[in-house]
Amino acid sequence: MSAVRPETASDRKAEVWRRLQTVTDPELDEPVTDLEFVTRADVDADNCVHIEFRLPTYWCAANFSFLMADDMRNAVKTLPWVADVTVVLGEHMYADKINAGLARGLTFHETFGAEADGDLEELRRTFLLKAFQRRQAALLAHLIEAGHDVGRLVKINLDELVDLEVDDAGDKLRTRYIERRPVVADAITTSRAFVDADGDPLQAETLPTYVRALRRVDINAEFNSALCRGLLHARFDTETPLSTKTGQRVEPALVSAQRS
C-alpha cells in the first residue's frame with residue numbers, strides 16, 4: 001500500500017519544515033531552522049524534497065557541515081510519502097565536495113577519504129552527550145530554584161519526573177531533557193530520572209556543585225550561539241535585507257532605482 005501524503009503542496013512543505021525543526025546544530029543544540037541555516041525546503045510533484053542551507057562562516061568545520069546535512073536528509077526521509085531528499089550546502093569552502101558526496105549517498109569518510117578527521121558517529125555521540133548534560137543542568141537548576149527538594153530529585157524515576165508539577169518553562173525544559181535522556185541509559189519509566197554521562201545516579205550531596213559545573217559549560221555554549229547568529233547576520237545581512245553599505249535603511253520603492 002502506498003504511503004499517504006498530505007493533500008496539498010503547502011501541507012507537504014510544512015511537514016518537511018517540521019521535520020527540519022528536529023535537526024540541531026551539533027555544538028549549539030539548537031534547531032537549524034531557528035538558527036536560520038535552512039534557506040529552502042521545497043517539495044516537487046514527484047514527492048522529492050530539495051533542501052538548501054548555509055552556515056555562519058565560509059570555513060565551518062567540514063565534519064560539522066556534513067553531519068548537519070546528513071541529519072537533515074535522514075530526518076526528512078522518515079516521512080512516509082517522501083520519494084527522495086537532496087541537501088545542498090551553499091557558500092562554503094568544502095561545498096562542492098560535500099554536495100557531491102551527499103548526491104552520491106556517500107558517508108563522510110567516503111566523501112573526504114584521507115582528509116576525514118575522526119569518526120562522524122563518534123562526533124555525533126559526543127555532541128549528543130553534551131546536549132544531554134546542558135538540558136539536564138538547565139532542568140535541574142530550574143527545579144531547584146522552584147523549591148523542589150534536592151534529596152527527592154535525585155531519587156525520582158522517569159515516570160515520576162513526567163508527573164512532577166512544574167510551570168510552563170519547567171515543562172519545556174523537562175520535554176527537552178527527556179528527549180535526550182536515552183543517550184546515556186535505557187529510558188524505561190522506572191529508571192532514575194537524573195543520571196550522569198555514564199548512566200550512574202546523581203547524588204544529593206554533590207548535586208549543586210555538579211549543576212554549577214555543567215551550567216558553566218552551558219554559558220559557553222550560549223556565547224557560541226550568539227556569536228554564530230551574529231556572524232550569520234553579518235555575512236548574509238539577514239536582519240536588515242534592505243540596507244546600504246553605510247547602514248542607512250533603503251525603502252523598497254527605492255531599491256530598483258539604486259540597483260539600476
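Because the structure is a prediction, the values reported are computed rather than measured.

**Section: the packing of helix H1 (residues 9-20) against helix H2 (residues 62-77)**
So, point 1. At their nearest, the axes of H1 and H2 sit 9 Å apart, and the two run at 130° to each other. Between H1 and H2, the angle is such that the two are oblique. Crossing handedness for the pair H1 and H2: right-handed. Across the interface between the two elements, Val16, Arg19 and Leu20 from H1 touch Met72, Ala75 and Val76 from H2.
So, point 2. Tallied by class, the residues present in the contact of H1 with H2 amount to 5 nonpolar, no polar and 1 charged.

**A short note on the pairing of strand E3 (residues 84-89)**
So, point 1. Taking every second residue as pointing to the same face, the buried face of E3 carries Val85, Val87 and Leu89, while none of Asp84, Thr86 and Val88 on the other face is buried.
So, point 2. The sheet contact formed by strand E2 (residues 48-53) and E3 spans 6 bridges and is parallel. Bridge assignment links Glu52 to a residue of E3, and that residue is Val88.
So, point 3. Between the parallel elements E2 and E3, the chain passes through H2 in a crossover that is right-handed.

**Section: the confidence of the model for the protein**
So, point 1. Predicted confidence across the protein gives a mean pLDDT of 85, with 87% of residues reaching 70 or more.
So, point 2. Long-range and interchain partners of residues 240-260, a stretch whose pLDDT sits below 50, account for 11 contacts in this model, where long-range means more than four residues apart.

**Details of unusual backbone geometry**
So, point 1. Even without being glycine, Asp29 reaches a positive phi, approximately 60°.
So, point 2. According to the relative accessible area criterion, Asp29 is buried, its value standing at 4%.
So, point 3. In the Ramachandran plot, Glu36 falls in the positive-phi region, its phi being about 65° despite a non-glycine side chain.
So, point 4. Here Glu36 is to be found in the loop between H1 and strand E1 (38-43).

**Considerations on H1**
So, point 1. If you check H1, its first and last C-alpha atoms are 17 Å apart, about what 12 residues at 1.5 Å a residue would give, namely 16 Å.
So, point 2. Contacts made by the buried residues of H1 are with E1, E2 and H2.

**Examining the pattern of salt bridges**
So, point 1. Applying the stated criterion to the full structure yields 12 salt bridges.
So, point 2. Where Lys97 meets Glu115, a salt bridge forms, and the shortest distance between an N and an O atom there is 2.6 Å. Of this pair, Lys97 sits in helix H3 (residues 95-103) while Glu115 sits in the loop between helix H4 (108-112) and helix H5 (120-145), placing them 18 residues apart in sequence.
So, point 3. Notably, a salt bridge pairs Arg124 with Glu121, separated by 2.5 Å at the nearest N-O pair. Within this pair, Arg124 and its partner Glu121 are both found in helix H5, separated by 3 residues, close to a single helical turn.
So, point 4. Among the charged side chains, a network of salt bridges with common partners joins Asp70, Asp71, Arg73, Glu121 and Arg124.

**Section: the environment of Val32**
So, point 1. Following the sequence through the fold, Val32 ends up in the loop between H1 and E1.
So, point 2. Other than its neighbours up to four places away in sequence, Val32 contacts Leu20, Val23, Thr24, Asp25, Phe37, Val38, Met68 and Met72.

**Description of the sheet that holds E3**
So, point 1. The strand order across the open sheet built from 3 strands is E1-E2-E3, with neighbouring strands paired in mixed fashion. Each edge of the open sheet is held by one strand with a lone partner, namely E1 and E3. Ignoring which end each strand starts from, the neighbouring axes of this sheet average 10° apart.
So, point 2. The sheet strands contacting H1 are E1 and E2, and the helix crosses E1 at an angle near 140°.

Cut-offs used in this document
- Residue positions are counted from 1 within each chain, in the order its sequence is given.
- Owing to the predicted nature of the model, reporting of local features is limited to residues with pLDDT of at least 70; listing and counting of side-chain atom pairs is limited to 80 or more, with chain, interface and lining totals taken over all residues.
- Calculation of side-chain values draws on the structure's entire complement of heavy atoms; hydrogens and water are dropped beforehand.
- Axis angles are defined between N-to-C directions and span 0 to 180 degrees, where every axis is a line fitted to C-alpha atoms and, for a helix, only to the segment in contact.
- Each helix corresponds to a stretch of at least 4 residues labelled H or I by DSSP, and each strand to a stretch of at least 2 residues labelled E; elements are numbered beginning at the N terminus.
- Roughly parallel here means an angle under 35 degrees, roughly antiparallel means over 145, roughly perpendicular means 65 to 115, and every remaining angle is called oblique.
- Crossing handedness follows the turn of the near helix against the far one: under a right angle anticlockwise gives a left-handed crossing, and clockwise gives a right-handed one.
- In what follows, a contact means two residues having at least one pair of non-hydrogen atoms within 4.5 Å.
- Each residue receives one of three labels: charged for Asp, Glu, Lys and Arg, nonpolar for Ala, Val, Leu, Ile, Met, Phe, Trp, Tyr, Cys and Pro, and polar for the others, Gly being one of them.
- Any residue under 20% of the maximum accessible area for its type is buried, any over 50% is exposed, and the rest in between are partly exposed; the area is computed with a 1.4 Å probe on protein chains only.
- For two strands to count as paired, DSSP must find a minimum of two bridges between them.
- Looking down the strands as they point away from you, a crossover is right-handed if its path from the first strand over the helix to the second goes clockwise.
- Every residue carries a pLDDT, the predictor's confidence in it, which falls somewhere between 0 and 100.
- Expected helix span is taken as 1.5 Å per residue step, with the number of steps being one fewer than the number of residues.
- Here, a salt bridge means any side-chain nitrogen of Lys or Arg that lies within 4 Å of a carboxyl oxygen of Asp or Glu.

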